[in-house]
Amino acid sequence: AYLKDAELVRRLAEKTVGRYRATLGDLLDFCETEGIYDLKDFTATDAAKFISTLSECAGSTVNVKTVAVRGFFKWALDAYEMQGRNPFRNIHPPKAARKPREFWTVAECERIIAAETRDDVRTAFALMAFAGLRLEEATNIAVESIRDGKIRITGKGGKYAEVPVCRRLKSRLDAYASPKSGRM
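Residues numbered from 1 in each chain as written. Predicted model: local features only at pLDDT ≥ 70, side-chain atom pairs only at ≥ 80, totals over all residues. Heavy atoms only, no water.

Draft legend 1. Summary view of the side chain of Ser 145. With respect to the helices and strands, the residue Ser 145 is situated in the loop between helix 7 (135–139) and strand 1 (146–147). Accessibility expressed as a relative area gives 12% for Ser 145, which makes it buried. A polar side-chain atom of Ser 145 sits 2.5 Å from the main-chain carbonyl oxygen of Ala 142. Once residues lying within four places of it in the same chain are set aside, the contact partners of Ser 145 are Lys 150, Ile 151 and Arg 152. (Helix = DSSP H or I, 4+ residues; strand = E, 2+ residues; numbered from the N terminus. Buried < 20%, exposed > 50% of the residue type's maximum accessible area, 1.4 Å probe, protein only. Polar contact = N/O pair within 3.5 Å; in protein donor to acceptor, adjacent residues only side chain to side chain. Contact = heavy atoms within 4.5 Å.)

Here is the structure:
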């Protein structure tokens, strides 16, 4: 019933509901291992212990699983009018150490562009590499949105931005621009 509520009432995406389903399976396995057969017997200590079993998971996975079980217990307390507090209420997953991002160098980007045989893919990659556009922005850009050394885009969330065109990108755009298509 919780998963139906998540899907129909809270309108969570199918993938998210699938992750929640898997997490509840993990929780059920944990409860069986610990000898917990009634939700009323599940304590904050059990919640912390359950979260500690997720130490092999990526930080984002631990967060999704924590949200799923916290939501499940909140739902169960409300739906079944159970007395008590949500055992996950004050449980917070450990902060995962972030790995520094690795970026391609300009030379690596130029080698990738040179190795690609399709002009449209080379241009889209150049827009992403040298102007910082997202894939959707790079593939949907119109020729007329490039003028005066700037690219005018509507980005994520419908936000408008102007991005300068660097020398490397200008040469790629000049080589590719097609007045017939209206699209890059």
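Alright, that's what it looks like, and here's the rest.
Draft legend 2. Main features of the sheet that holds strand 3 (residues 160–164). Strand order in the open sheet formed by three strands is 1-2-3, and the pairing between neighbours is antiparallel. On the outer flanks of this sheet lie strand 1 and strand 3, each paired with one strand and no other. In this structure, strand 1 lies alongside strand 2 (residues 150–154), joined through two bridges in antiparallel fashion. Paired with Arg 147 across the bridge in strand 2 is Lys 150. (Pairing = 2+ DSSP bridges.)

Draft legend 3. Spotlight on the nonpolar core. Judged by nonpolar contacts, the single largest core of 25 residues is most densely connected at Tyr 2, Leu 27, Phe 42, Phe 50, Ile 51, Phe 72 and Phe 88. Those elements that place two or more of their residues in this core are helix 1 (2–9), helix 2 (14–34), helix 3 (44–52) and helix 4 (59–79). Top element by residues in this core is helix 4. It accounts for eight residues. In this structure, Cys 109, Ala 124, Phe 125 and Leu 169 belong to the second largest nonpolar core, which totals 17 residues. (Core = buried A, V, L, I, M, F, W, Y, C linked by side-chain atoms within 4.5 Å.)

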